[in-house]
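The residues making up each chain are set out below.
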Amino acid sequence: MKRDVFKGDTEYFKGIGQIAYEGHESDNPLAFKAYDPDRVVSGKTMEEHLRFAVCYWHTFCSGGHDPFGPETRQHAWLKGSDPVAIAMNKMDAAFELFTKLNVPFYCFHDRDLAPQGATVAESEKNLQTLVEAAKVRQKETNVNLLWGTANAFTDPRYMNGASTNPNFDVVAHAGAQVKAALDATVELGGQNYVFWGGREGYICLFNSNTKRELEHMGQFLTMARDYGRSIGFEGTFLIEPKPMEPTKHQYDFDAQTVIGFLREHNLQDDFKLNIEANHATLAGHTFAHELQMCADASMLGSIDANRGDYQNGWDTDQFPVDLYDCMQAMLVVLEDGGFKNGGLNFDAKLRRESTDIEDFFISHIGGMDSFARGLLAADKLIQDGRLSGLTSARYESFDGGKGQAFESGELSLSDLRDHAAHVGEPAQISGKQELVENLMNDALMSVS
Ligand code: XLS
Ligand code: CA
Ligand code: CA
C-alpha cells in the first residue's frame, strides 16, 4: 500500500520525495528496482511478506561516532537545548523518513524515543509524552510499531549488567525501565517486545557467579512476561542473541543457547528469537544457520537485517546487500510459513563516511531491494521443488520400515546391530552439494 508522506513543521529530508518502484531498468538511485510493495508472490504482497522496519537508534540518534572520532553527521533534528523538544523533532524526522521509504513498521529503544530523566518517575513521564505523540503519527501514517525494547546497557549504572547485575538495586532499575517500555509498546500496539542483553554476561569469569546471574535472568524475564500479559500484551517476546560485545561473553550467545535457556525457564510458549545477521556471524555461524535453528524449534520470531564484515569480525551493522544471504534467509523464513508477528528490521547504520542526506535512502533502498530479490529467488526455489525434493530424498530410509520404527522409538540398540548385520555395507548416496549450489545461483539469476 502507499502511505502519504508525513509532514511536520520542518521538512528534514529536503529534495527527496517518496521512493517509488521503477523496475529493473531504472537508473534512478532513489527508486526501488525490485521492491514493489503490492506485487503478489505466492499469495501475499511483498509488503506483507517482508514487513520492513526502520530502526530509530542508528538512523535518527547516532551521527556516525566511533571509538576514535565524533559524529560526521549533524542531524538537524537533534539541535536545541530542551531534550523533550529535541525528541519531538526527532520523531517528526523519523515519520518523514518512514513514509518517504513507505515502510510499514519501525522499532525503538525507550531512550531513542524519549530522553532519560533525573528520576524513574521523570523518565516515565518523558516516555509517556513521546508515546502520545507517536500514537498520533502512527494513526495518521499507518506506520506501526514492529517492536519496542528498553536500553539497559548505555547508562553507566548497567556497567556490570542489567537483570544479571550483582547489585539488586541495579536489577530493580532495569525492571523499572522494562516495565515502562512494555507499557509504551502495548500502548502503541507493538507486535513484539525485544530483549537484547548487551551487558548480560561477564567481563571476568572469576569475579562472577554465572549460575546465580543466569537464574536472575530467568526470573526477570518471567516477571516481564507476566507483567506484559497482565497489561494486555498479546504479541511475541523476543530474545536477540549475540555472543559478545560489549561483554566478553554474553549469556544469549547464539540461537541454540537461547532456545535451551528458554526451555529451562519454561518461557518457550511466550518467547521466540530475533536473529540479527551480524550477530550470527560473530558467533561463528551463518545467518541462515541461526534462522534454521529457530525454525526447527518453532521459535523463529523476527530478523534484524544487516551484515558484518568477514575480514575484521566487528559488529559493523552494514546494510544487507548480499543477495545470496538474503535468498537463503528468505528460504528459511518461507519454509517456516513466513513472518507472523515478526519482520525485517534494518538494524543497520550508514558508514561514517556516508554523509549526504540521500545516503539515508540509498542505504535502505539497497536493503529493501536485496530482500525483495531474495524473496523472489527463495520463492522460485520452493516452487521449483527440486531443492526440497533433493533434501527429502536423502532421508527416505526413515520414511518406512525399520527407519520409521527407529524414529518412533520402537527399536533398541540391539535391533540396530541386527539390521546392520543383515543389510551389510550401505549403498553410497551422493550429498550433491554442488547441485544444491547451482540451483540457488540459477534461481537468483532468473528473478526479475
Ligand atoms: C546491538 C543490538 C541492539 C538490539 C536492540 O548489538 O543489535 O541494537 O537490536 O537492543
Ligand atoms: Ca539488533
Ligand atoms: Ca549488531
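This report concerns the structure included in the present document.

This brings us to the site of ligand 1. Ligand 1 sits among Trp57, His109, Trp147, Phe153, Trp196, Glu240, Lys242, Glu276, His279, Asp304, Asp315 and Asp347. The side chain of lysine 242 places a nitrogen or oxygen atom 3.0 Å from an oxygen atom of ligand 1. Aspartate 347 is positioned such that a nitrogen or oxygen atom in its side chain is 2.9 Å from an oxygen atom of ligand 1.

The coordination sphere of the calcium ion (ligand 2), as far as protein atoms go, consists of Glu240 (OE), Glu240 (OE), Glu276 (OE), Asp304 (OD) and Asp347 (OD), spread over 2.1 to 3.2 Å. On the primary sequence, the residues serving as donors to the calcium ion (ligand 2) are separated as E-x35-E-x27-D-x42-D. In this structure, the calcium ion (ligand 2) lies 4.9 Å away from the calcium ion (ligand 3), the two metals sharing glutamate 276 as a donor. Here glutamate 276 is found in strand E12 (residues 271–276), whereas its partner aspartate 347 is found in the loop between strand E14 (344–346) and helix H12 (357–384), with 71 residues between them in sequence. Judged by relative accessible area, glutamate 276 falls into the buried class, the value being 2%.

Before going further, it helps to spend a moment on the pairing of strand E10 (residues 236–239). Along E10, one buried face is formed by Thr236 and Leu238 and the opposite face, lined by Phe237 and Ile239, is buried too. Summarising the sheet, strand E8 (residues 192–195) and E10 pair through 4 bridges and their orientation is parallel. Across the sheet, residue tyrosine 193 finds its bridge partner in E10, namely phenylalanine 237. Where E10 meets E12, 3 bridges bridge the pair, whose relative direction is parallel. Residue pairing for E12: isoleucine 239 is matched across the bridge by leucine 273.

Cis geometry marks the peptide bond from glutamate 245 to proline 246; its omega dihedral reads 10°. One non-glycine residue, asparagine 266, adopts positive backbone phi at about 55°. The class of asparagine 266 is exposed, set by a relative accessible area of 53%.

Those protein atoms acting as donors to the calcium ion (ligand 3) are Glu276 (OE), His279 (NE2), Asp315 (OD), Asp315 (OD), Asp317 (OD) and Asp317 (OD), and they sit at 2.1 to 3.2 Å. Because the angles between the 6 donor atoms bound to the calcium ion (ligand 3) fall within 43 to 158°, the donor set is best described as irregular. Within one chain, the residues donating to the calcium ion (ligand 3) are spaced in sequence as E-x2-H-x35-D-x1-D.

Within the secondary structure layout, asparagine 278 lies in helix H9 (residues 277–282). Here tryptophan 314 takes part through its backbone oxygen, which lies 3.5 Å from a polar atom of the side chain of asparagine 278. Discounting residues that sit within four places of it in the chain, asparagine 278 has contacts with Asn306, Arg307, Gly308, Trp314, Asp315, Thr316 and Asp317.

With that out of the way, let us pick up the nonpolar core. Grouped together as the largest cluster of nonpolar side chains are 122 residues, with contacts concentrated most on Leu50, Tyr56, Phe98, Tyr106 and Phe371. Element by element, the count of residues in this core is highest for H12, at 11 residues. For phenylalanine 98, the residues in contact, after removing those within four places along its chain, are Val54, Tyr56, Phe60, Val103, Tyr106 and Val143.

Let us look at the packing of helix H13 (residues 386–394) against helix H16 (residues 433–446). Where H13 contacts H16, the two axes come as close as 10 Å, and the packing angle between them is 160°. Regarding the angle of H13 to H16, the classification is roughly antiparallel. The crossing of H13 and H16 is left-handed. Along the contact surface, H13 presents Arg386, Leu387 and Leu390, while H16 presents Leu435, Val436, Leu439 and Met440. Of the residues in the contact of H13 with H16, the class split is 6 nonpolar, no polar and 1 charged.

So, on to helix H5 (residues 120–141). Given a rise of 1.5 Å per residue, 22 residues ought to cover 32 Å, and the 31 Å separating the end C-alpha atoms of H5 matches this to within 8%. Buried within H5 we find Ser123, Asn126, Leu127, Leu130, Val131, Ala133, Ala134, Arg137, Gln138 and Thr141. Buried residues along H5 sit in contact with helix H3 (83–101), strand E6 (105–109), helix H4 (110–113), strand E7 (144–149) and helix H6 (168–187).

This part takes up the state of the cysteines. For the structure on display, the rule yields 0 disulfides. Cysteine 107 takes part in no disulfide bond, and the closest cysteine sulfur, belonging to cysteine 55, lies 7.5 Å away.

Quick look at the packing of H5 against H6 now. Between H5 and H6, whose axes approach to 10 Å, the crossing angle comes to 15°. With respect to their mutual orientation, H5 and H6 come out roughly parallel. The way H5 lies across H6 gives a crossing that is right-handed. Here H5 contributes Val120, Glu124, Leu127, Gln128, Val131, Glu132 and Lys135 to the contact with H6, which in turn contributes His173, Ala176, Ala180, Ala181, Ala184 and Glu187. Grouping the amino acids of the contact of H5 with H6 by side-chain chemistry returns 7 nonpolar, 2 polar and 4 charged.

Parameters at a glance
Residues numbered from 1 in each chain as written. Chains lettered and ligands numbered in written order. Predicted model: local features only at pLDDT ≥ 70, side-chain atom pairs only at ≥ 80, totals over all residues. Heavy atoms only, no water. Near = heavy atom within 4 Å. Polar contact = N/O pair within 3.5 Å; in protein donor to acceptor, adjacent residues only side chain to side chain. Donors = N, O, S within 2.8 Å, 3.2 Å for Na, K, Ca; no water. Helix = DSSP H or I, 4+ residues; strand = E, 2+ residues; numbered from the N terminus. Buried < 20%, exposed > 50% of the residue type's maximum accessible area, 1.4 Å probe, protein only. Pairing = 2+ DSSP bridges. Tetrahedral: all angles 85-135°; square planar, octahedral: opposite > 155°, others 65-115°. Contact = heavy atoms within 4.5 Å. Core = buried A, V, L, I, M, F, W, Y, C linked by side-chain atoms within 4.5 Å. Axes fitted to C-alpha atoms, helices over the stretch in contact; angles between N-to-C directions. Parallel < 35°, antiparallel > 145°, perpendicular 65-115°, else oblique. Left-handed = near helix turned anticlockwise from the far one by under 90°. Nonpolar A, V, L, I, M, F, W, Y, C, P; charged D, E, K, R; others polar. Expected span 1.5 Å × (residues − 1). Disulfide = S-S within 2.5 Å.

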